[in-house]
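Structure at a glance
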Amino acid sequence: MNQLSFVDAYRTFPYILTEGAIVERLRHEFHIPLDEHLVHAALIYDDAHRDTLAGLYKQYIDIAASHDLPLMLMTPTHRANVENIAVSAYRNRSVIPDNVRFLLQLRASALSPVYIGGLAGCRGDAYDGRYHFSVEEAMQFHYPTVRAMAEAGVDFLFAGIMPQLTETIGMANAMAATGLPYIISFMVRRDGRLMDGTFIHDAIDTVDKETTTRPLCYMANCVHPDVLHQALSHPRNDTFLVRERFRGIQANASALSPEELNGRTDLLSSSPDELSDRLMTLLWDFPLKICGGCCGTNEQHLRNFAEMLTLNSVPIC
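Residues numbered from 1 in each chain as written. Predicted model: local features only at pLDDT ≥ 70, side-chain atom pairs only at ≥ 80, totals over all residues. Heavy atoms only, no water.

Attention now goes to the confidence of the model for the protein. Mean pLDDT for the protein: 93, with 93% of residues reaching 70 or above. The model gives residues 313-317 a pLDDT under 50, and that stretch makes 16 contacts with residues more than four places away or in other chains. (pLDDT = per-residue confidence, 0-100. Contact = heavy atoms within 4.5 Å.)

Structure (structure tokens):
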């Protein structure tokens, strides 16, 4: 399928759908054991588990196609940085290229535009802002990982649930150095701050100023729409910069705080109808265009999101 570049798609389409939950569905629906170092990035090396993982991605591909929406899929590599790969049982495998190739193969039969993002996460705990990396340390740590993703053929890079500013700047510089478009996604609290206490506005302003090529946009993942609504409504974040640059959410189905969610075995998920209603309220008040799910969501949540985006007129700037 011929399709627009990711940057052109971002500029052209009023909405882009992202995937729903992957890891938590593998845990809770399928009871699949995950690798202690690589989490679900190792599943592609087991035929049965690879098929299960592919099935989840295909559900999201089919939902996007049935609603004529472009789709962002992320490689299952949130914890598959070069450090974790080196101490894993898969140290002699091409873990990152293999996971990129896995998604590229799934995309080959898609009936609507699908964009593959190389997913990289923070080095430490995304739910804890106390782990500090200097900008330079973060740049040096993350660059080999994101370079491998770029060389393997992803369409864009995605920094997922970043809790802390200096590591985010280093990650952004590493991603910018590849020449690919990239998105920074934060972990945020109700009070409008990242986990380290930085307001969303200040984080965006700082990253934009301290990178040679700024991110395509910013967003949040693993956060409930009501939590993000409250965070964006804080007077410090109620700015032109935030409305112009903050453009997406991967919604957690629970409205608990990051600290309350961390390590929970029960997800306390909102129903698809409830979560879609709360997402709709968020979209009426803020000009987001990238929407998808995170922990606690499944294919029905994502189907509801897709229906909402196609059937309702939501103002997009």
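Okay, back to it.
Further remarks concern the nonpolar core. One finds Leu-17, Phe-186, Val-188, Leu-228 and Phe-246 to be the most contacted residues of the largest nonpolar core, which totals 91 residues. For this core, the element with the highest residue contribution is helix H3 (residues 47-66), accounting for eight residues. Ranked by size, the runner-up nonpolar core spans 15 residues in total, among them Met-74, Ile-183, Cys-217 and Met-219. (Core = buried A, V, L, I, M, F, W, Y, C linked by side-chain atoms within 4.5 Å. Buried < 20%, exposed > 50% of the residue type's maximum accessible area, 1.4 Å probe, protein only. Helix = DSSP H or I, 4+ residues; strand = E, 2+ residues; numbered from the N terminus.)

Our focus in this paragraph is the layout of surface pockets. Of the voids in this model, the second largest pocket is the one considered here, and its volume is about 230 Å³. Lining the second largest pocket are 13 residues, with Arg-11, Arg-214, Pro-215, Leu-216 and Arg-245 sitting closest to its centre. Of all the elements in the fold, those that place two or more residues in the lining of the second largest pocket are helix H1 (6-12) and helix H10 (240-245). (1 Å grid on protein atoms, 1.4 Å probe; cavity = no way out; pocket = protein on both sides within 12 Å on 5 of 7 lines; lining within 4 Å. Points joined across faces, edges and corners; volume = space filled by probe spheres on them.)

The next subject is the pattern of salt bridges. Applying the stated rule across the entire model yields 14 salt bridges. Between Glu-83 and Arg-123 there is a salt bridge, with its nearest N and O atoms 2.4 Å apart. Linking Glu-83 in helix H4 (residues 82-86) with Arg-123 in the loop between strand E3 (114-121) and helix H6 (135-152), this pair joins segments that are 40 residues apart in sequence. Judged by relative accessible area, which is 26%, Arg-123 ranks as partly exposed. A salt bridge links Arg-101 to Asp-98, with the shortest nitrogen-to-oxygen separation between them at 2.4 Å. In this pair, Arg-101 and Asp-98 both sit in helix H5 (residues 95-107), three residues apart, roughly one turn of the helix. What makes Arg-101 partly exposed here is its relative accessible area of 41%. When salt bridges that share partners are traced, they join Arg-25, Glu-29 and Glu-299 into one network. (Salt bridge = Lys/Arg side-chain N within 4 Å of Asp/Glu carboxyl O.)

With eight of eight residues buried, E3 is to be regarded as a mostly interior element. Neither face of E3 is left uncovered, since the one carrying Val-114, Ile-116, Gly-118 and Ala-120 and the one carrying Tyr-115, Gly-117, Leu-119 and Gly-121 both have all their residues buried. Summarising the sheet, strand E2 (residues 71-74) and E3 pair through four bridges and their orientation is parallel. The residue of E3 that forms the bridge with Leu-71 is Val-114. Alignment of E3 against strand E4 (residues 156-162), held across five bridges, turns out to be parallel. Along E4, the bridge assignment pairs Gly-117 with Phe-156. (Pairing = 2+ DSSP bridges.)

Looking now at the UniProt feature "binding site: Zn(2+)" (unreviewed entry) in the protein. According to UniProt, the positions carrying the feature "binding site: Zn(2+)" (unreviewed entry) are Cys-222, Cys-294 and Cys-295. Spatial clustering of the annotated residues is evident: they stretch over 74 residues in sequence, but the largest pairwise C-alpha distance comes to 6.3 Å. Note on placement: Cys-294 falls in the loop between strand E8 (290-293) and helix H13 (299-311). According to the relative accessible area criterion, Cys-294 is buried, its value standing at 15%. Once residues lying within four places of it in the same chain are set aside, the contact partners of Cys-294 are Ala-21, Cys-222, Gln-250, Ala-251 and Asn-252. Relative to the helices and strands, Cys-295 resides in the loop between E8 and H13. On the basis of relative accessibility, which here comes to 16%, the residue Cys-295 falls in the buried class. (UniProt positions renumbered as here; feature names shortened; annotations may be inferred.)

So, about the side chain of Ser-88. Summarising the element assignment, Ser-88 is placed in the loop between H4 and H5. Of the polar contacts made by the side chain of Ser-88, one reaches the backbone nitrogen of Tyr-90; its length is 3.0 Å. Residues contacting Ser-88, with those up to four places away along its chain left out, are Asp-35, His-37 and Leu-38. (Polar contact = N/O pair within 3.5 Å; in protein donor to acceptor, adjacent residues only side chain to side chain.)

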